[in-house]
Amino acid sequence: QVQLVESGGGLVQAGGSLRLSCVTSGRTFSDYNMGWFRQAPGKEREFVTIINWTGGRTAYADSVKGRFTISKDNAKNTLYLQMNSLKPDDTAVYYCAADRIRMRPTLPTTSGNYDYWGQGTQVTVSS
């Protein structure tokens, strides 16, 4: 079992930055592929980014490429999401998630592939 706790959300103006954190506990953090998803009001949960268990591979949704950066610190059991040049369309609840199947041919971008989820942190970008 893995517990995930996000933090770092808040209210920011368009063009600003935020860094989200996701602290994990319960199992070895480095054993999991780790992803970020988000869900805006009235919309489906959508993939944002993923980093694989070694930290050597990442993938991003087209909507955030060049603006968001995912990283991880295995020593701190923490996943990060650096978000720059934020837009009002980035407003959503952001969730971190863990995928326990390490050896995948492609990085999973659908929520059904993830086994554990945090409770989410709200990000609001004002125009």
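As a reminder, the structure under discussion sits directly above these lines.
The following paragraphs examine the structure supplied in this document. The structure presented is a predicted model; accordingly, all values stated were derived computationally and were not measured.

**Describing the overall build of the chain**
Part 1 of the reasoning: Helix and strand counts for the chain stand at 0 helices and 11 strands.
Part 2 of the reasoning: Starting at the N terminus and walking to the C terminus, you meet the elements of the chain as β-β-β-β-β-β-β-β-β-β-β.
Part 3 of the reasoning: Its C-alpha atoms give the chain a radius of gyration of 14 Å, near enough to 14 Å, the size a compact globule of 127 residues would have.
Part 4 of the reasoning: Counting only C-alpha atoms, the chain reaches 40 × 25 × 25 Å along its principal axes.
Part 5 of the reasoning: Taking all 127 residues of the chain together, 43% fall into the buried category.
Part 6 of the reasoning: Counted over contacts in the chain with a minimum sequence separation of 6, partners at least 24 positions apart contribute 59%.
Part 7 of the reasoning: Distance between charge centres in the chain, computed from 14 positive and 10 negative side chains, equals 4 Å.

**Quick notes on the nonpolar core**
Part 1 of the reasoning: Trp 36, Leu 79, Met 83 and Tyr 94 are the most contacted members of the largest nonpolar core, which totals 34 residues.
Part 2 of the reasoning: Elements with a contribution of two residues or more to this core: β3 (18-25), β4 (33-39), β5 (46-51), β7 (68-73), β8 (78-83), β9 (92-99) and β11 (121-126).
Part 3 of the reasoning: Filtering out sequence-adjacent residues up to four positions away, Leu 79 remains in contact with Leu 20, Ser 21, Cys 22, Phe 29, Met 34, Gly 35, Trp 36, Ile 51, Ile 70, Ser 71, Lys 72 and Cys 96.

**What to know about the side chain of Thr 121**
Part 1 of the reasoning: Here Thr 121 shows up in strand β11.
Part 2 of the reasoning: You can call Thr 121 buried: its relative accessible area is 10%.
Part 3 of the reasoning: Reaching out from Thr 121, the side chain makes a polar contact with the backbone nitrogen of Gly 9 at a distance of 3.2 Å.
Part 4 of the reasoning: Beyond its immediate stretch of four places on either side in the chain, Thr 121 contacts Glu 6, Ser 7, Gly 8, Gly 9, Leu 20, Ala 92, Val 93 and Tyr 94.

**Brief notes about the state of the cysteines**
Part 1 of the reasoning: Within this structure, the stated rule accounts for 1 disulfide.
Part 2 of the reasoning: Two residues, Cys 22 and Cys 96, share a disulfide whose sulfurs are 2.0 Å apart. Sign of the S-S torsion, about 55° for the bond between Cys 22 and Cys 96, identifies this disulfide as right-handed. Of this pair, Cys 22 sits in strand β3 while Cys 96 sits in strand β9, placing them 74 residues apart in sequence.

Rules of the game
- Residues numbered from 1 in each chain as written.
- Predicted model: local features only at pLDDT ≥ 70, side-chain atom pairs only at ≥ 80, totals over all residues.
- Heavy atoms only, no water.
- Helix = DSSP H or I, 4+ residues; strand = E, 2+ residues; numbered from the N terminus.
- Rg over C-alpha atoms; globule rule 2.2 N^0.38 Å.
- Buried < 20%, exposed > 50% of the residue type's maximum accessible area, 1.4 Å probe, protein only.
- Contact = heavy atoms within 4.5 Å.
- Lys, Arg positive; Asp, Glu negative; His and termini not counted.
- Charge placed at Lys NZ, Arg CZ, Asp CG, Glu CD.
- Core = buried A, V, L, I, M, F, W, Y, C linked by side-chain atoms within 4.5 Å.
- Polar contact = N/O pair within 3.5 Å; in protein donor to acceptor, adjacent residues only side chain to side chain.
- Disulfide = S-S within 2.5 Å.

Read these as spatial facts, not as claims about activity.
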